[in-house]
Amino acid sequence: MVEVKNLVKEFDGFRALDGANMFVKKGAIYGLVGPNGAGKSTLLRHLTGIYRQNEGTVTIDGEPIYENPGIKAKFAFIPDDIFYFMQADTIEMKRFYQGIYPKFDEQMFERLKEYFPTIDPKKNIRSLSKGMQKQVAFWLAVCTRPELLILDEPVDGLDPVMRRQIWSIIMADVSEHETTVIVSSHNLRELEDVCDHVGIMHKGKIMIERSLSDLQGSVCKIQAAFQAEMPKLPEGFEVLHMSNTGRVYTLIVKGDPAEAKRQLEKMHPMLIDLLPLTLEEIFIYELGGVDYEVKDILF
């Protein structure tokens, strides 16, 4: 559904995007992660047609996005810094959205009121807290019935109960209408619970783009305890990182997790435990491969 090819964007000689490539299939929940300054927000602003690229292509359903009202009517965007008209309340913003999005679902808008009980729809939105303003943004965005929902730090500033509620609404929409979701966030633990595909971005490029199951199946964490020191590892057993506390060794191992465990069991450990790497750990090790001498751990 969404395809980015060799995307380049420069600001006063600085390359914020340096040949970025990205592919998101329909119905996927795609998590975009990366350190500050990696180019995530710049990429999202190209996906929403806010920025015009210097080089490369950005398409949704095979059509370019920039200055394409027909394509823009298919998606909703919730940026990190939300804008509302100066004196607008939620009802007035709803009318504005209805004028832009032909598929705006007013019945759904009324139905979702119960999910946002603290929001007075007749109160000036700018007088609300940041978290409540973000709730209004979700309320309106979901009611546009978007084919694509693009989110930049979507639940930042929300309490844990509301975060869970927002994600449940999004997941229900994905399940019922096969909505595609692209979400940029620093909360990797939360992305791990909702995303099925992940793109790791660094210095204007997407270094890795895979399903979450593929990422977690290509490298693993194993804890093992031995009577004495760690025996000599089998030939071809690729350890990316190893640490120990007393007799308990923690190894980050490349390759099939089940096979790695079988190899270590041949060394007769006192105990052995196979632990999948979290998305946060994958992120740390992968960026370590770029900046801190832990090279190419997922290739």
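Quick notes on the rules
- Just so you know, the residues in each chain are numbered from 1, in the order the chain's sequence is written.
- Local features in a predicted model are, by the rule used here, given only for residues with pLDDT of at least 70; side-chain atom pairs are given and counted only at 80 or more, and totals for whole chains, interfaces and linings are based on all residues.
- Hydrogens and water are ignored here; the side-chain numbers use all heavy atoms of the structure.
- Interaxial angle, 0 to 180 degrees, is taken between N-to-C directions of lines fitted to C-alpha atoms, where a helix line uses only the stretch in contact.
- Every helix listed is a DSSP run of H or I at least four residues long, and every strand listed is a run of E at least two residues long, numbered separately from the N terminus.
- Here a crossing is taken to be left-handed if its near helix is turned anticlockwise relative to the far helix by less than a right angle, and right-handed if that turn runs clockwise.
- Contacts are residue-level and defined by heavy atoms, with any inter-residue pair within 4.5 Å sufficient.
- Residue polarity is assigned by list, with Asp, Glu, Lys and Arg as charged and Ala, Val, Leu, Ile, Met, Phe, Trp, Tyr, Cys and Pro as nonpolar; anything else, Gly included, falls into the polar class.
- Like-charged residues within 9 Å of one another, or nonpolar side chains (Val, Leu, Ile, Met, Phe, Trp, Tyr) within 5 Å, are grouped into patches, provided each residue has over 30% relative accessible area and no salt bridge.
- To be clear on the numbers: accessible area is Shrake-Rupley with a 1.4 Å probe, and residue cover counts the displayed protein chains and nothing else.
- What makes a salt bridge here is a side-chain nitrogen of Lys or Arg within 4 Å of a carboxyl oxygen of Asp or Glu, nothing more.
- We call two strands paired when DSSP finds no fewer than two bridges between them.
- Any two rings among Phe, Tyr and Trp, with Trp reduced to its six-membered ring, count as a pair given centres within 6.5 Å; such a pair is stacked if its planes are under 30 degrees apart, edge-to-face if over 60, and tilted if neither.
- Think of it in three bands: residues with accessible area under 20% of the maximum for their type are buried, residues over 50% are exposed, and the middle band is partly exposed, with areas taken using a 1.4 Å probe on protein chains only.
- We call a charge positioned over a ring when the NZ of a Lys or the CZ of an Arg lies within 6 Å of the ring centre and within 35 degrees of the ring normal.
- In these notes, a set of buried Ala, Val, Leu, Ile, Met, Phe, Trp, Tyr and Cys residues joined through side-chain atoms within 4.5 Å is what counts as a nonpolar core.
- The length a helix should cover is 1.5 Å for every residue beyond the first.

Engineer: Is there a simple way to explain the packing of helix H3 (residues 90-100) against helix H5 (residues 130-143) in this structure?
Structural biologist: A packed helix pair is summarised by two numbers, namely the angle formed by the two axes and the spacing between the axes. Following both chains from N to C, one finds H3 and H5 inclined at 35°, their axes separated by 10 Å at the closest point. Handedness of the crossing formed by H3 with H5: right-handed. Counted together, Thr90, Met93, Lys94 and Tyr97 of H3 and Val136, Trp139, Leu140 and Ala141 of H5 form the full contact between these two elements. Partitioning the contact of H3 with H5 into residue classes produces six nonpolar, one polar and one charged.

Engineer: Would you mind showing me how to read a nonpolar patch on the surface here?
Structural biologist: Together, Phe83, Phe85, Phe96 and Ile100 make up an exposed nonpolar region whose accessible area comes to about 400 Å². Inspection of the secondary structure puts Phe85 in the loop between strand S6 (75-78) and H3.

Engineer: What's the story with the sheet that holds strand S5 (residues 63-64) in this structure? I'm lost.
Structural biologist: Adjacent strands of a sheet form backbone hydrogen bonds with each other and so pair up, either parallel or antiparallel. Here we have four strands laid out as an open sheet, ordered S2-S1-S4-S5, and antiparallel in their pairing. Each end of this open sheet is capped by a strand with a single partner; those strands are strand S2 (14-24) and S5. Relative to strand S4 (residues 55-60), strand S1 (residues 2-11) is paired through five bridges, and the arrangement is antiparallel. Bridge pairing in S4 links Val2 to Ile60.

Engineer: What am I meant to see in the packing of aromatic side chains here?
Structural biologist: Two aromatic rings are characterised by how far apart their centres lie and by the angle between their planes. Across all of its chains, the model carries nine aromatic pairs by this definition. Pairing Phe85 with Phe96 gives two aromatic rings, centres 4.9 Å apart and planes at 90°, and the pair type is edge-to-face. Residue Phe85 is found in the loop between S6 and H3, and its partner Phe96 is found in helix H3; the two are separated by eleven residues along the sequence. Look at Phe85 and you get partly exposed, because its relative accessible area is 39%. The exposure class assigned to Phe96 is partly exposed, which follows from its relative accessible area of 38%. With 4.5 Å between their ring centres and 10° between their planes, Phe109 and Trp139 make a pair best called stacked. Placement of Phe109 in helix H4 (residues 106-111) and of Trp139 in helix H5 is noted, with a sequence separation of 30 residues between them. Note on Phe109: relative accessible area 0%, which makes it buried. For Trp139, a relative accessible area of 1% translates into the label buried. Through successive ring pairs, a cluster of aromatic residues spans Phe83, Phe85, Phe96, Tyr97 and Tyr101. Here the guanidinium or amino end of Lys9 rests over the ring plane of Tyr51, the centre of that ring lying 5.6 Å away.

Engineer: Looking at this structure, how should I read the pairing of strand S11 (residues 219-225)?
Structural biologist: Sheet faces and side chains relate simply in a regular strand, where the side chains alternate between the two faces. Burial analysis of S11 places six of its seven residues in the buried class, the great majority of the element. Sheet analysis places S11 next to strand S13 (residues 248-254), joined by seven bridges and oriented antiparallel. Looking at the pairing, Ala225 lines up with Val248 of S13. Strand direction decides the pairing type here: S11 and strand S14 (residues 271-276), joined by six bridges, are antiparallel. By the bridge assignment for S14, Gln223 is matched with Asp273.

Engineer: It is not clear to me how the nonpolar core should be interpreted in this structure. Could you clarify?
Structural biologist: Nonpolar side chains tend toward joint burial in soluble globular proteins. Counting residues in each nonpolar core, the largest one holds 54 residues, and the members touching the most others are Leu112, Phe116, Leu151, Ile166 and Ile170. With eight residues, H5 is the single largest residue contributor to this core. Once you skip the residues sitting within four places of it in the chain, Ile170 turns out to touch Phe138, Leu149, Leu151 and Val181. Ranked by size, the runner-up nonpolar core spans 25 residues in total, among them Leu7, Tyr30, Ile150 and Ile206.

Engineer: How do you make sense of H5 when you look at a structure like this?
Structural biologist: Every α-helical turn comprises 3.6 residues, leaving residues that sit three or four positions apart pointing alike. If you check H5, its first and last C-alpha atoms are 20 Å apart, about what 14 residues at 1.5 Å a residue would give, namely 20 Å. When you tally the buried positions in H5, you get twelve out of 14 residues, the bulk of the element. Turning to H5, its buried residues number three or more, namely Gly131, Gln133, Lys134, Gln135, Val136, Ala137, Phe138, Trp139, Leu140, Ala141, Val142 and Cys143. Taken together, the buried residues of H5 touch S6, H3, H4, strand S7 (148-152) and helix H6 (160-177). Of the residues trailing H5, Arg145 is marked for its positive phi of about 55°.

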